[in-house]
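Inside the fold
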Amino acid sequence: MQMPLNRIVDLMKKQDIDIVFLNNPRNVFYVSSYMSDPHERILAAILFKDEKPLLFTPALEENDAKKIASEYDIFSYLDTENPWEIIVAKLQEKNVPLKRWAIEKDFLTVERLEALKEAFPSAAFDFNISTTIQDMRLVKNPQELAIMKKAGYWADQALQIGAKALREGITEAEVVAEIEYQMKRRGISEMSFDTMVLFGENAASPHGTPGEKKLQKNQFVLFDLGVMYEGYASDVTRTLFFGDEPTEHQKEIYNLVLSAHDEAMAAVRVGMKASALDAVARNVIAVGGYGKYFNHRLGHGLGQGVHEFPSIMEGNDMEILDGMCFSIEPGIYLPGDVGVRVEDCGYASPEGFVSFTETPTGIATYLELIK
Ligand SMILES: [Mn+2]
């Protein structure tokens, strides 16, 4: 598969774009492999049709960037300098036509755009490269998939740590703290979102907040978590049964969610519509009598962020492509009673869905994890 930088240069030739200006750090990472959060400073990748691309970094990052973005000409600025003057001077030095610009309309601030317009008064800033990159990011290449598989491995590890921390009386917040502490000790510096651990009826809110609730026997424990690994996110949910024997009601809800999850996983085909996949899981839960308690979409895309495109939901007739990454996460939420969700993320392939996470999914998962 062609690398992102080359694909964008091809697009520039086709669309007659002279310059692509990227300053969303995720997009900069996507085209250069250099990842950084510059905060209020400027980080930019600047691409041309026939010239070596430029990477503009704060001076303190120049050496790090040189090690990674080897195909770029790297230049930088000090905090005491005006970054725009340096960028403009560098571009003028290039002596190439800079008539048509592609910019990130969802990211470039009005202030920065005005500075560019002032420096290049006869240029057109009309091409929105954000949507192009968003579409490119829908499909991951084999290297990206390999990294995401590792991110999934660490999410599985985090679930195991969480399961082992469970005991009567422990609070949700304490379990969260234990997971994140142990992950940091293992070198995972960032979770992909706030770790969620919810006990019993607290899990009936799909986006609940862990707090002081103490764990009691014979409750469900919902874990929803993920890590950032080499710039990519993982995301997994397991609902564990903590106790001796689930009630018939608990089993009914759990197994219905699990069937919806399993049937949706098995139904994934390259070329099917996202909405059709959502319908597979939704139908299982509706037939089981709990349709109105599955009150969110089946899944979301993920990659460098934990919520990207595509949305796996009713109304989205986008075709699922080979290499598209997304979650399958049906749930049933009965207010004041129980909440159950089972989630795996993976990608569509000609052989079907390939999951990034491997933690078992049955109602006895807790026992399997603490073995
Ligand atoms: Mn998710």
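Just so it is clear, the model here is predicted, and its values are computed rather than measured.

**Regarding the overall build of the protein**
When its secondary structure is counted, the protein shows 11 helices and 18 strands. Expressed as lengths along the three principal axes of its C-alpha atoms, the size of the protein is roughly 75 × 40 × 30 Å. Here the protein holds 371 residues, and the buried ones make up 56% of them. Here the analysis covers contacts within the protein between residues at least 6 apart in sequence; of these, 65% occur between residues at least 24 apart. Put simply, the protein shows about 16,400 Å² of open surface, and 49% of that area lies on carbon and sulfur atoms.

**Overview of the nonpolar core**
Formed by 39 residues in total, the largest nonpolar core has its most connected members in Leu166, Val175, Ile179, Met183 and Phe223. Sorting the residues of this core by element identifies helix H7 (142-165), helix H8 (172-185), strand S7 (196-199), strand S8 (219-225), strand S11 (236-242), strand S17 (344-349) and helix H11 (365-369) as the ones contributing at least two each. If near-sequence neighbours (up to four positions away) are discounted, Ile179 is found in contact with Ala158, Ile161, Gly162, Met191, Thr195, Val197, Phe223 and Leu225. Core analysis: the second largest hydrophobic core is formed by 33 residues, Ala264, Val268, Leu277 and Ile332 among them.

**Considerations on the sheet that holds strand S3 (residues 54-58)**
The strand order across the open sheet formed by 6 strands is S4-S3-S2-S1-S5-S6, and the pairing between neighbours is mixed. Two strands bound the open sheet, and with one partner strand each, they are strand S4 (73-77) and strand S6 (124-128). This sheet shows a mean twist of 25 degrees between the axes of neighbouring strands, independent of strand direction. Inspection of the sheet shows strand S1 (residues 19-22) paired to strand S2 (residues 44-48) by 4 bridges, in the antiparallel sense. Its bridge partner lying in S2, Leu22 is registered against Ala45. Lying on the sheet, helix H1 (residues 4-15) is in contact with S1, S2, strand S5 (100-103) and S6; it crosses S2 at an angle near 50 degrees.

**Digging into the packing of aromatic side chains**
Counted according to the given criterion, the structure contains 14 aromatic pairs. For the pair Tyr153 and Trp154, a centre-to-centre distance of 5.2 Å together with 80 degrees between the ring planes defines the contact as edge-to-face. Overall, Trp154 belongs to the buried group, its relative accessible area being 18%. Every member of this aromatic cluster is reached through a ring pair, and the members are Phe21, Trp84, Trp101, Phe120 and Phe125. Between Lys90 and the ring centre of Phe75, over which it is positioned, the NZ or CZ distance is 5.1 Å. The ring of Phe294 is capped by Arg282, whose NZ or CZ atom sits 4.0 Å from the centre of that ring.

**A look at the domain arrangement of the protein**
Assigned domains within the protein: domain 1 (3-137) and domain 2 (142-369). The interface is formed by 7 residues belonging to domain 1 together with 9 residues belonging to domain 2. On the domain 1 side of the contact with domain 2, Arg26, Phe29 and Arg137 bury the most area, a combined 55% of that side's loss. Run the count over domain 1 and domain 2 and you get 1 salt bridge. A salt bridge links Arg137 to Glu308; the nearest nitrogen and oxygen atoms lie 3.0 Å apart. Put simply, domain 1 and domain 2 have 1 residue pair in polar contact (both at pLDDT 80 or more) between them. Those elements that provide at least two residues to the side of domain 1 that touches domain 2 are helix H2 (25-32) and helix H6 (129-138). It is H2 that provides the largest number of residues to the side of domain 1 that touches domain 2, a total of 3 residues. For the side of domain 1 that touches domain 2, the residue count by class is 4 nonpolar, 1 polar and 2 charged.

**Observations concerning the coordination of the manganese ion**
Every protein donor of the manganese ion is accounted for by Asp235 (OD), His300 (NE2), Glu329 (OE) and Glu343 (OE), and the metal-donor separations fall at 2.1 to 2.4 Å. Within one chain, the residues serving as donors to the manganese ion are arranged as D-x64-H-x28-E-x13-E. You can see His300 sitting in strand S12 (residues 299-301) and its partner Glu343 sitting in the loop between strand S16 (338-341) and S17, a full 43 residues away along the chain. With respect to burial, His300 and Glu343 carry one shared label: buried.

**Structural notes on the environment of Gly336**
In this fold, Gly336 is placed in the loop between strand S15 (331-334) and S16. By relative accessible area, Gly336 is classed as exposed at 66%. Discounting residues that sit within four places of it in the chain, Gly336 has contacts with Glu201 and Ala204.

**Topic: the pairing of strand S14 (residues 325-328)**
Judged by which residues are buried, S14 turns out to be covered on both faces: Cys325 and Ser327 on one side and Phe326 and Ile328 on the other are all buried. Where S14 lies against S17, 4 bridges are found, and the strand directions are antiparallel. For Ile328, the partnering residue across the bridge sits in S17 and is Asp344.

**Comments concerning the packing of helix H9 (residues 248-267) against helix H10 (residues 274-287)**
Where H9 contacts H10, the axes come no closer than 8 Å and their chain directions differ by 155 degrees. Relative to H10, the element H9 lies roughly antiparallel. Classified by chirality, the crossing of H10 by H9 is right-handed. For the pair H9 and H10, contact is made by Leu256, Ser259, Ala260, Glu263, Ala264 and Ala267 and by Leu277, Val280, Ala281, Val284 and Ile285, respectively. Classifying every residue of the contact of H9 with H10 gives 9 nonpolar, 1 polar and 1 charged.

Criteria and cut-off values
- Residues numbered from 1 in each chain as written.
- Predicted model: local features only at pLDDT ≥ 70, side-chain atom pairs only at ≥ 80, totals over all residues.
- Heavy atoms only, no water.
- Helix = DSSP H or I, 4+ residues; strand = E, 2+ residues; numbered from the N terminus.
- Buried < 20%, exposed > 50% of the residue type's maximum accessible area, 1.4 Å probe, protein only.
- Contact = heavy atoms within 4.5 Å.
- Areas by Shrake-Rupley, 256 points an atom, 1.4 Å probe, with all protein chains shown as cover.
- Core = buried A, V, L, I, M, F, W, Y, C linked by side-chain atoms within 4.5 Å.
- Pairing = 2+ DSSP bridges.
- Axes fitted to C-alpha atoms, helices over the stretch in contact; angles between N-to-C directions.
- Phe/Tyr/Trp six-rings, centres within 6.5 Å; stacked < 30°, edge-to-face > 60°.
- Lys NZ or Arg CZ within 6 Å of the ring centre and 35° of its normal.
- Domains from an automatic or database assignment.
- Buried area = accessible area lost by both parts, 1.4 Å probe.
- Salt bridge = Lys/Arg side-chain N within 4 Å of Asp/Glu carboxyl O.
- Polar contact = N/O pair within 3.5 Å; in protein donor to acceptor, adjacent residues only side chain to side chain.
- Nonpolar A, V, L, I, M, F, W, Y, C, P; charged D, E, K, R; others polar.
- Donors = N, O, S within 2.8 Å, 3.2 Å for Na, K, Ca; no water.
- Parallel < 35°, antiparallel > 145°, perpendicular 65-115°, else oblique.
- Left-handed = near helix turned anticlockwise from the far one by under 90°.

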